[in-house]
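Here is what each chain is made of, one letter per residue.
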Amino acid sequence: MAAAGAEARRGEGWRAAPLTVPRSPGKLPRPGKRGRDPQARQSATRRDAASCPADTSGPTGAPWASPVPRPLTLLEARPARSPQFPPAPRFRRARPSRPAARSAACRSAEIPRAPWTPWPSPRCPLGPGPLRAWSPPCGGIRAAAAAPAWCVPCLVSLDTLQELCRKEKLTCKSIGITKRNLNNYEVEYLCDYKVVKDMEYYLVKWKGWPDSTNTWEPLQNLKCPLLLQQFSNDKHNYLSQVKKGKAISLKDNNKALKPAIAEYIVKKAKQRIALQRWQDELNRRKNHKGMIFVENTVDLEGPPSDFYYINEYKPAPGISLVNEATFGCSCTDCFFEKCCPAEAGVLLAYNKNQQIKIPPGTPIYECNSRCQCGPDCPNRIVQKGTQYSLCIFRTSNGCGWGVKTLVKIKRMSFVMEYVGEVITSEEAERRGQLYDNKGITYLFDLDYESDEFTVDAARYGNVSHFVNHSCDPNLQVFNVFIDNLDTRLPRIALFSTRTINAGEELTFDYQMKGSGDISSDSVDHSPAKKRVRTVCKCGAVTCRGYLN
C-alpha cells in the first residue's frame, strides 16, 4: 500500500530532486578551467554518473514504487508521531538470499536516506488494523517536508493488497503476509485448458499473486478436485447456453479452449469469489441466529454495488427514533399474566408454539428492555431476529435477486423483519418517482396510525431487501411495537401464511399494508394518474398485472 502511495504521489505532481552522485577526486573540475564548455561539463557529469550508478532501491522496511496508482486524500496536517494515531503495521521488504556484491566505488556513491515516518490515515475497512502510507524514501524531496500529510485510503480488497505485497516482496502481518507464506502458492481458480503431447495442462491463478504470475500446470500436479469440477461445470454451462439449451461436450481432439469459453470461465470464477466475500460480509454484520447464503447459477451478476446491510431502522437526518421504553411488565409468566399486550389493550400475539394467533391488522406488543421477564419469555419473538437459514439467489424469471428458505418453515411463524432508512412521506414521494422510472420498489409506508414516515430499503436494509413481490404471497405483514412505542413508527414483521418447504422462494405483497388491506394504488387504473407502472412477473393466478 505504501508502494501505491509512492506511485500515486508521482502522478499527483510530486517530483524528486535530481540524484547528484559524488565523483572521485581525480575527476573533479580544476579551478583554472572556468571557461569550460557547459555542454561538455554536462556530458562529463552524465558519464561519471553512468559509470557508477546510485543505489535507488528503498531501504528495508518500505516499498519504493508500485505499478498500481492510488488516489490521494489530503488530510489536515498532524505530527508524524501524534499520540492520536498508534504505530502502523510496518511493511518489510524481504531480504534476498544472496545480496549482490557492489564495488567500493558504487558503495561510496550511495545517497543517505531519510528515516521512514508513517503518516496518519483512516482505518482500513477491509483489514484488521490501520494501514498507513510512508513518507517518500528520498531525502531530496523537499516538498514532503513543507506540504501537509498525505493519506492513501484503503479502498481495495484484501487480495489486491496481498498481490501488491507479493509482487514487491513485502511482508505485512495485518493482511496475512509473513515471511513463512510470502512464497506460498495456493490454487485460487483455473483459467484455461490445453493438451500438449497428450498431457493435459491447466492455467492456474495463484491465490494472493497477480495475474502476471499465472502458470500452466499439468493435471497430475493439481490436488484441487472441487476447482476442477467447477471448471468443467462452467465450461459445459457456457456451451449449453450457446447451443440454446442443448448440452454438448468438447471433442477429444480439441487441444485447447476457445478464448470466449476461457473468458467466461474466468468471469464465473471471479463472480464466485466475489459472492463468497459478500456472503461472509453479510454474516459478519447480521445479529440473528439464521445464516445467510448467496448463490447465482443464472448469470454473471455480482453483489450489489450500493447496498449496505443493517439490522434495524436507520433514521434519516432530522428524524429521531426513541428506542427506550418508558415502562415494562413485572410478570413471572407472561403467557398467563397481564403483560404488555394487555396494557396496550390488545391480545397476546403468540401461542405456546411461538406461532402468531391474531388476525392481520392487529398490532403486536412484545416485552421490552424494561420488562422483568427473561430472554425465554414467550412474548419475545420478533426481537430475536430470523431463526431460519435463508439464501439470496438469482432468479431465472427476470426478477433479479430473490430469497428462498433452506429449511422448512411452519405456518404462522416469524420469518424476518423489514428494515431500511426511515424517511418522511414527502421524501418518499420524491424517491418513489425515481424508483418507478427504474422499475424498482423498496418503499414501505408506516401507516398504522398516520402516514408521516416511510421505510426505504433501496440502499440500507437486510435480507428483506431481496424478497420479491407476489400477488399470492406466502408472507404476511404485521406491525410490531417493542422498545419504541410511538404508533407512527412501528416495526414491520413478516410472518408465514402457510407451511413453506425448503427451497421455496419467500414473497410478500408489496401493496399490503400493516393493517392487512391492499393499498389503493394497486387497484387504481385511472388514466388521469400519470406515473410509470411496473409490470408484475409473479405468475400467480390472481396476478393484478402491476406492482404499483
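Let me begin by describing the structure that accompanies this report. (Residues numbered from 1 in each chain as written. Predicted model: local features only at pLDDT ≥ 70, side-chain atom pairs only at ≥ 80, totals over all residues. Heavy atoms only, no water.)

Topic: a negative patch on the surface
The following threshold applies: Only residues whose relative accessible area exceeds 30% and that take part in no salt bridge are eligible for patches, with like-charged residues grouped when within 9 Å of each other and nonpolar side chains (Val, Leu, Ile, Met, Phe, Trp, Tyr) grouped when within 5 Å. Here, Shrake-Rupley sampling with a 1.4 Å probe gives the accessible areas, and only protein chains in the shown set may cover a residue. We define a salt bridge as a side-chain nitrogen of Lys or Arg found within 4 Å of a carboxyl oxygen belonging to Asp or Glu. Counted charges follow a simple rule, with Lys and Arg positive, Asp and Glu negative, and His plus the chain ends left uncounted. Charged side chains are reduced to one point each, which is NZ for Lys, CZ for Arg, CG for Asp and CD for Glu. Helix and strand assignments come from DSSP, with helices taken as H or I runs of at least 4 residues and strands as E runs of at least 2, each series counted from the N terminus.
A cluster of acidic side chains, namely Glu426, Glu429, Asp445 and Asp451, defines a negative patch on the protein surface. Among the structural elements, glutamate 429 can be located in helix α9 (residues 425-438).

Quick word on the pattern of salt bridges
Basically, it comes down to this: To sort residues, take the accessible area from a 1.4 Å probe on protein chains only and compare it with the maximum for the residue type: under 20% means buried, over 50% means exposed, and anything in between is partly exposed.
Applying the stated rule across the entire model yields 19 salt bridges. We note a salt bridge from glutamate 263 to lysine 267, for which the minimum N-O separation is 3.3 Å. With glutamate 263 and lysine 267 both in helix α7 (residues 259-285), this residue pair falls four residues apart, about one helical turn. We classify lysine 267 as partly exposed; its relative accessible area is 43%. Ionic pairing is found between glutamate 324 and arginine 370, a salt bridge with its closest N-O pair at 3.3 Å. Residue glutamate 324 is located in the loop between β10 (314-315) and α8 (340-343), and its partner arginine 370 is located in the loop between β11 (364-365) and β12 (390-394); the two are separated by 46 residues in the primary sequence. Here arginine 370 falls in the partly exposed class, since its relative accessible area comes to 45%. One salt-bridge network, held together by shared partners, links Glu421, Glu427, Arg430, Arg431 and Asp456.

Some thoughts on the packing of helix α6 (residues 225-242) against α7
Helix-helix packing is described using two parameters, namely the angle between the two axes and the distance between the axes. Heads up, the condition is: Simply put, an axis is a line fit to the C-alpha atoms, just over the touching stretch for a helix, and the angle between two N-to-C directions goes from 0 to 180 degrees. Roughly parallel means an angle under 35 degrees; roughly antiparallel, over 145; roughly perpendicular, 65 to 115; everything else is oblique. It is the rotation of the near helix from the far one that decides the hand of a crossing: anticlockwise by less than a right angle makes it left-handed, clockwise makes it right-handed. It only takes one pair of heavy atoms within 4.5 Å for two residues to be counted as in contact.
The interhelical angle for the contact between α6 and α7, taken along N-to-C directions, is 120°, at an axis separation of 9 Å. Considered as vectors, α6 and α7 are oriented oblique to each other. Here the hand of the crossing between α6 and α7 comes out right-handed. Taking contact as the criterion, the partners of Gln230, Phe231, Asp234, Lys235, Asn237, Tyr238, Leu239 and Gln241 in α6 are, on α7, Ala260, Ile261, Tyr264, Ile265, Lys268 and Arg272.

A word on the environment of glutamine 241
Take glutamine 241: it is sitting in helix α6. Assessed through its relative accessible area of 46%, glutamine 241 is described here as partly exposed. Apart from the residues lying within four places of it in its own chain, the contact partners of glutamine 241 are Tyr264 and Val298.

So, empty space enclosed by the protein
To keep it simple, the criterion reads: As defined here, a cavity is a set of points on a 1 Å grid over the protein atoms alone where a 1.4 Å probe fits but cannot get out. A pocket is an open set with protein on both sides within 12 Å along at least five of seven lines, and residues line them when an atom is within 4 Å of a point. Grid points are joined across faces, edges and corners, and a volume is the space filled by probe spheres set on the points. Residues are sorted three ways: Asp, Glu, Lys and Arg are charged, Ala, Val, Leu, Ile, Met, Phe, Trp, Tyr, Cys and Pro are nonpolar, and all the rest, Gly among them, are polar.
A complete count under the given rule lists two cavities of 30 Å³ or more for this structure. Of the volumes computed, that of the largest cavity is approximately 70 Å³. Around the largest cavity sit Tyr418, Thr441, Tyr442, Leu443, Phe444, Ser464, His465, Val467, Phe508 and Tyr510, which together line it. Classifying every residue of the lining of the largest cavity by side-chain character gives seven nonpolar, three polar and no charged.

Looking at the layout of surface pockets
In this structure, the largest pocket occupies an estimated 900 Å³ of space. Contributing to the lining of the largest pocket are 32 residues, with Gly439, Ile440, Thr441, Tyr442 and His465 lying nearest its centre. Examining the composition of the lining of the largest pocket, we find that three residues originate from one element, α9, more than from any other. Counted by class, the lining of the largest pocket contains 15 nonpolar, eight polar and nine charged residues.

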